[in-house]
Amino acid sequence: MRIHIATDHAGLEFSRTLQDHLAGAGHEVVDHGPQSYDPLDDYPSFCIGAALAVVADQAAGVDALGVVFGGSGNGEQIAANKVEGARAALVWNRSTAELAREHNDANVISIGARQHTVEEAIEFIDLFIATPFSGEERHARRIAQLAEYEATAAIAGHDIR
């Protein structure tokens, strides 16, 4: 599987360790930056780039997911979710890692590098990658509604004022 990774300065060393882990597990890892430590870097372009690549790969039939990191993971998740077709979930435990895929068919996860150990992050990422989307109708319907809103600013049959 191709895994797209991006971070900010807070997650740079974290990201490097995780890239090594993922490559060692046989995944193709694509690093969207940053390449060097800069305490004033701006994470949105890195995370948006990773999310764009995940969406493009999936549209082309490539098996791909994304992982973004920051101090808390919040801003990185927000950035990734600005990309049409990205479904980024903030992950903070085993359950949220699994449910991100199982119920939300998330294609990107965000993890706070200052909130977790590297070992925890590896566990979350491995669970995220290994867990398939359930395909249950209620979850598929909800994901379709999100995509519909993203494309049209409306959800048929629902008043969303």
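Residues numbered from 1 in each chain as written. Predicted model: local features only at pLDDT ≥ 70, side-chain atom pairs only at ≥ 80, totals over all residues. Heavy atoms only, no water.

1. Notes on the packing of helix H4 (residues 94-102) against helix H5 (residues 118-130)
And then number 1: At a minimum axis separation of 8 Å, H4 and H5 run at an interaxial angle of 25°. The pairing of H4 with H5 is recorded here as roughly parallel in orientation. Two packed elements cross with a definite hand, and for H4 against H5 that hand is right-handed. Where H4 abuts H5, its residues Arg-94, Ala-97, Glu-98, Ala-100 and Arg-101 lie against Glu-123, Phe-124, Leu-127 and Phe-128.
And then number 2: Its residues assigned to classes, the contact of H4 with H5 shows five nonpolar, no polar and four charged. (Axes fitted to C-alpha atoms, helices over the stretch in contact; angles between N-to-C directions. Helix = DSSP H or I, 4+ residues; strand = E, 2+ residues; numbered from the N terminus. Parallel < 35°, antiparallel > 145°, perpendicular 65-115°, else oblique. Left-handed = near helix turned anticlockwise from the far one by under 90°. Contact = heavy atoms within 4.5 Å. Nonpolar A, V, L, I, M, F, W, Y, C, P; charged D, E, K, R; others polar.)

2. A few points about the pairing of strand E2 (residues 28-31)
And then number 1: Relative to E2, strand E1 (residues 2-6) runs parallel, the two sharing four bridges. Residue pairing for E2: Arg-2 is matched across the bridge by Glu-28.
And then number 2: Handedness of the crossover joining E1 and E2 through helix H1 (residues 12-24): right-handed. (Pairing = 2+ DSSP bridges. Right-handed = clockwise from strand over helix to strand, strands pointing away.)

3. Remarks on the side chain of Asp-57
And then number 1: Here Asp-57 shows up in helix H2 (residues 43-59).
And then number 2: Residue Asp-57 is classed as buried on the basis of its relative accessible area, which comes to 11%.
And then number 3: Sequence-distant contacts of Asp-57, that is, excluding residues within four places in its chain, are made with Arg-2, His-4, Val-62 and Ala-64. (Buried < 20%, exposed > 50% of the residue type's maximum accessible area, 1.4 Å probe, protein only.)

4. Structural notes on the packing of aromatic side chains
And then number 1: Under the criterion given, the structure shown has one aromatic pair.
And then number 2: With 5.4 Å between their ring centres and 80° between their planes, Phe-14 and Phe-69 make a pair best called edge-to-face. A residue pair is termed long-range when its members are at least 10 positions apart, and Phe-14 in helix H1 and Phe-69 in strand E3 (residues 64-70) qualify at 55 residues.
And then number 3: Exposure remark for Phe-14: the relative accessible area of 8% places this residue in the buried category.
And then number 4: Since its relative accessible area comes to 0%, Phe-69 is described here as buried. (Phe/Tyr/Trp six-rings, centres within 6.5 Å; stacked < 30°, edge-to-face > 60°.)

5. Let's talk about the environment of Glu-28
And then number 1: If you trace the backbone, Glu-28 turns up in strand E2.
And then number 2: For Glu-28, a relative accessible area of 41% corresponds to the partly exposed category.
And then number 3: Taking C-alpha positions, Glu-28 is 8.5 Å from His-4, a pair spaced 24 residues apart along the chain.
And then number 4: Beyond its immediate stretch of four places on either side in the chain, Glu-28 contacts Met-1, Arg-2 and Ile-3.

6. Points about unusual backbone geometry
And then number 1: Of note, the bond from Gly-33 into Pro-34 is cis; its omega dihedral lies within 30 degrees of zero at 0°.
And then number 2: Its location among the elements puts Pro-34 in the loop between E2 and H2.
And then number 3: Phi is positive for Asp-105, close to 45°, though the residue is something other than glycine.
And then number 4: Within the secondary structure, Asp-105 is located in the loop between H4 and strand E5 (108-112).
And then number 5: Of note, the phi angle at Ala-153 is positive, near 65°, even though the residue is not glycine.
And then number 6: Residue classification places Ala-153 among the exposed residues on the basis of a relative accessible area of 51%.

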